[in-house]
Amino acid sequence: MDFIRQIQKNDRKTFFKDFENAQKLKNQDFSSDISDRSVESRPLIADFTEYSPLHNGHFHCMKTAKATIPDGLFVAVVPGLFERSGRGLPYIMHRKTRAEIAIAVGADIVVEGPPMGIMGSGQYSLCLTKMFQALNTDFIPRGYRPFDGYEKILERISLGHGVAPKPYKIVDMDTKEVIYNGKLEEDNYVIVSFSKSLKKIGFDFKDKFIFVPRIEGVSGTLIRKACSENNLESVKTMLPSETIRILEREINADRAPLHDLRDEESIIDSANNLSYDDLVKLNFFNEKLANELINQREIKPFESISEIEDSIFYGFSSHFKNRVLSILETRINADMISEYISNYPSTVRVLNYKNEDVLEEFKEKVFSNEKNYVSNIDVCEC
């Protein structure tokens, strides 16, 4: 728990520092004369993946993208601050360790993605697409689960059309046609959400996606169970050897697995002691949710996470309760999240890289963008 609390403490400092720096820079123009920039850079492949942990499905997607664009610079965008997934759940390992594994299996650069656990799905989708834009991305590999009707959706996206999920239907944003009736499961929904966000920010993604059918024989549920039980032997066919080696090292050092752990003390303190005005300002919160927590704690103060969960009504997704817990853990306000997204990413943080030559090539590629979207590239100590 000391490790978990230290992560949260450090990441709060980083978040507010990033926010403050972005506020100072938001009206500045980072662009310079494009004629002074290198135009001979390799194509950049930007892959957003949580890598919790990096398994054979992730590895297959990476290998397919690199085989499709053999001269490409492979950049993995690994979600960062607060170590919470888009489902509001903790990751198995710290992002620097996830980045280390990505480099070990073949990535050239790993950059820190947005703090997904404290955002809604539309918010972090927008951040990720703004990162693709800022990195001067040429190709975006994405795994998907094939089913009848989905190929038509992928064809529209390959044409550069935004595709929007509506209640029980999928609509081509360019032609306004309904191209699929029904709902999409999470992996396939992410691709559609990306196309909508890319269209929203004006990024031309025609022919940029590399769609990779998911492979069989990999179960995230079984991998998480094996990590909790320290029985990696049971899932060794699902994981690259590099993942197993580094994950075993982290478990032995008591730095993993983290996916069953939260700073419960902070969450309970927030639920019991934040005022109505403070609660209603938090991301995901509204008057109804704030009042519900206050009414319950007036009857009896919260003593456990499960009691808090029971007081949270079901929201727009099955992950709503876990996202609310992450917000109570971090105490980030909705207006700050909105402003953070508006200025994202003023700084690109490199978590790990293959070698110095690749790092310099990456920097040149980012700053050769027709318009610079970032003021600085920070390199973390690896």
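What counts, and at which threshold
Residues numbered from 1 in each chain as written. Predicted model: local features only at pLDDT ≥ 70, side-chain atom pairs only at ≥ 80, totals over all residues. Heavy atoms only, no water. pLDDT = per-residue confidence, 0-100. Contact = heavy atoms within 4.5 Å. Salt bridge = Lys/Arg side-chain N within 4 Å of Asp/Glu carboxyl O. Helix = DSSP H or I, 4+ residues; strand = E, 2+ residues; numbered from the N terminus. Buried < 20%, exposed > 50% of the residue type's maximum accessible area, 1.4 Å probe, protein only. Pairing = 2+ DSSP bridges. Axes fitted to C-alpha atoms, helices over the stretch in contact; angles between N-to-C directions. Phe/Tyr/Trp six-rings, centres within 6.5 Å; stacked < 30°, edge-to-face > 60°. Parallel < 35°, antiparallel > 145°, perpendicular 65-115°, else oblique. Left-handed = near helix turned anticlockwise from the far one by under 90°. Nonpolar A, V, L, I, M, F, W, Y, C, P; charged D, E, K, R; others polar.

A. Examining the confidence of the model for the protein more closely. For the protein, mean pLDDT is 93; residues scoring 70 or higher make up 95% of the total. Note that pLDDT drops below 50 for residues 33–38; the model gives that stretch 11 contacts with residues more than four away or on any other chain.

B. Structural context of the pattern of salt bridges. Counted according to the given criterion, the structure contains 31 salt bridges. Glutamate 112 is the partner of arginine 95 in a salt bridge, and the nearest nitrogen-oxygen pair spans 2.7 Å. Residue arginine 95 is found in helix α3 (residues 95–105), and its partner glutamate 112 is found in strand β3 (residues 109–113); the two are separated by 17 residues along the sequence. The exposure classification of arginine 95 matches that of glutamate 112, with both residues buried. Measuring nitrogen to oxygen at the nearest pair gives 2.5 Å for the salt bridge that ties arginine 349 to glutamate 112. Of this pair, arginine 349 sits in strand β9 (residues 347–353) while glutamate 112 sits in strand β3, and the two are 237 residues apart along the sequence.

C. Structural context of the environment of glutamate 186. The residue glutamate 186 is located in helix α6 (residues 186–201) in this model. Its relative accessible area of 38% is what places glutamate 186 among the partly exposed residues. Counting along the chain gives 133 residues from glutamate 186 to proline 53, while the straight-line C-alpha distance between them is 18 Å. Setting aside anything within four residues of it in sequence, one finds glutamate 186 in contact with Arg87 and His319.

D. Quick peek at unusual backbone geometry. That bond from serine 52 to proline 53 is cis: its omega, -10°, falls within 30 degrees of zero. Along the polypeptide, proline 53 turns up in the loop between β1 (44–48) and α2 (56–68). Between alanine 256 and proline 257 the backbone carries a cis peptide bond, its omega angle lying at -5°. With respect to the helices and strands, proline 257 occurs in the loop between α8 (241–252) and α9 (264–273). The residue phenylalanine 284 is not glycine, and still its phi comes out positive at about 80°. For phenylalanine 284, the location among the structural elements is in the loop between α10 (276–281) and α11 (287–299).

E. Molecular detail of the sheet that holds strand β5 (residues 163–166). With antiparallel pairing, three strands are arranged side by side in an open sheet as β5-β6-β7. A single partner strand is all that each edge strand has here, and the edge strands are β5 and β7 (178–181). Between one strand axis and the next, the sheet turns through 20° on average, direction left out of account. Of the strand pairs in this sheet, strand β6 (residues 169–172) and β7 are connected by three bridges, and their pairing is antiparallel. When the sheet's bridge partners are listed, lysine 169 is paired in β7 with asparagine 181. The strands touched by helix α5 (residues 150–158) within the sheet are β5, β6 and β7, with β7 carrying the most contacts at an inclination of about 150°.

F. Structural view of the side chain of asparagine 322. Residue placement: asparagine 322 occurs in helix α13 (residues 320–330). Excluding residues within four positions of it along the chain, asparagine 322 makes contact with Arg87, Gly88, Leu89, Arg262 and Glu309.

G. Representation of the packing of aromatic side chains. Going through the model one piece at a time under the given rule, you end up with 13 aromatic pairs. Ring plane angle 70° and centroid distance 6.1 Å describe the contact between phenylalanine 48 and phenylalanine 194, whose orientation is recorded as edge-to-face. Linking phenylalanine 48 in strand β1 with phenylalanine 194 in helix α6, this pair joins segments that are 146 residues apart in sequence. The class for phenylalanine 48 is buried, based on a relative accessible area of 7%. Relative accessible area serves as the criterion here: at 1%, phenylalanine 194 is assigned to the buried category. Ring geometry for phenylalanine 284 versus phenylalanine 320: centroids 6.4 Å apart, planes at 65°, classification edge-to-face. One end of the pair, phenylalanine 284, is in the loop between α10 and α11; the other, phenylalanine 320, is in helix α13, and 36 residues separate them in sequence. With relative accessibility at 14%, the residue phenylalanine 284 sits in the buried group.

H. Expanded view of the packing of helix α4 (residues 121–134) against helix α14 (residues 334–342). At a closest axis distance of 10 Å, the pairing of α4 and α14 adopts a crossing angle of 20°. As summarised for this structure, α4 and α14 are arranged roughly parallel, according to the angle between their axes. Note that α4 runs across α14; the crossing there is left-handed. Of α14, the residues touching α4 (which contributes Gln123, Leu126, Cys127 and Lys130) are Ile337, Ile341 and Ser342. Looking at the contact of α4 with α14 residue by residue, the class counts come to four nonpolar, two polar and one charged.

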